[in-house]
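If you want the building blocks of each chain, they are given just below.
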Amino acid sequence: MESRFLGIDELTDIPAVAVVVDVMRAFTVAAWAFARGAEKIVLAESLDEALALTSGHPDWVALKDGPPAPGFDAVNSPALLRSADLTGRTVVQKTTAGTVGALAVKEAPLILCASFVVAGATARLLHSRGCTDVTYVITGEGGRAEEDLACAQYIARRATDGGPTDPAPFLHRAATSRAATELAQGLRAGSHPDDLALCLDFDRFPFPLLATSEPPLLTLRPGPS
């Protein structure tokens, strides 16, 4: 399997398979939303689009990075979302990096969004489909976020080998990253003290996050376990 690890700004063509990685916290939050019963997640281009979408659908839930804001129902925190009842709801998610990365590859034939909580499921799907050319989109820090790169490299190794891969060294890299330090110190607005542990909760969920184009929207749903 050929694996490429690129930042959002480094994308120059439409990849055959794209795995968009945001560990802290977009795609950890997305996985938790499905665990709390969400039916689908719509990835918004902007905060204004997120508000426009929810204004036309009063039962939809708007979620954003940073502190609470008028019109938004939730913030991008897995700990703050883990007690929510989202049964049957549609979540509209807009974040600084994760959703931007997914929308940057929205024309790819296969798009997966990933974090450590769904890493194993993501690797299994890639392996089962016989994917031979995979582009991993490292969304944080201009493509240099250590936690995202570590997660992507774990998935790539496991997808290639098809068997167990020790996650410990990859999790250690993530736990000592700049993003982890900021979360641990409470420096990220809209965060909770438990967010870091939840972002490092390896293979918490058995499903991958599969994005599909439903023009004009890009929609995320749980893939096959």
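Our subject is the structure that appears above.
Now for a look at the structure at hand. As the structure is a prediction and not an experimental result, all values here were calculated from the model. (Residues numbered from 1 in each chain as written. Predicted model: local features only at pLDDT ≥ 70, side-chain atom pairs only at ≥ 80, totals over all residues. Heavy atoms only, no water.)

### So, the pattern of salt bridges
To keep it simple, the criterion reads: A pairing counts as a salt bridge when a side-chain nitrogen of Lys or Arg comes within 4 Å of a carboxyl oxygen of Asp or Glu. Helix and strand labels come from DSSP, where a helix needs a run of H or I of at least four residues and a strand needs a run of E of at least two; each type is numbered from the N terminus. Exposed residues in this analysis have more than 50% of their type's maximum accessible area, buried residues have under 20%, and partly exposed residues fall in between, with area computed by a 1.4 Å probe over protein chains only.
Under the defined criterion, the tally for this structure stands at 10 salt bridges. With its nearest N and O atoms 3.5 Å apart, the salt bridge here joins Asp 203 to Arg 158. Residue Asp 203 is found in the loop between helix 9 (195-199) and strand 9 (209-214), and its partner Arg 158 is found in helix 6 (residues 146-161); the two are separated by 45 residues along the sequence. On the basis of relative accessibility, which here comes to 17%, the residue Arg 158 falls in the buried class. Between Glu 214 and Arg 221 there is a salt bridge whose closest N-O contact spans 2.5 Å. Residue Glu 214 is classed as partly exposed on the basis of its relative accessible area, which comes to 29%. In this structure Arg 221 comes out as partly exposed when scored by relative accessible area, which is 28%.

### A look at the sheet that holds strand 10 (residues 217-222)
The test is simple: When DSSP locates at least two bridges between a pair of strands, those strands are taken to pair. Here, residues are in contact when the closest pair of their heavy atoms is within 4.5 Å. Convention adopted: a line fitted to C-alpha atoms gives each axis, helices being fitted over their contacting stretch, and angles between N-to-C directions are expressed from 0 to 180 degrees.
An order of 1-8-2-7-9-10-3-6-4-5 is seen for the 10 strands of this open sheet, with the pairing classed as mixed. Unpaired on one side and paired on the other, strand 1 (2-7) and strand 5 (74-75) mark the two borders of the sheet. Relative to strand 8 (residues 133-138), strand 2 (residues 17-21) runs parallel, the two sharing 4 bridges. Each residue of the ladder has a partner; that of Val 19, found in strand 8, is Tyr 136. Helix-sheet contacts for helix 5 (residues 119-128) involve strand 2, strand 7 (110-114) and strand 8, and the interaxial angle to strand 7 is about 160°.

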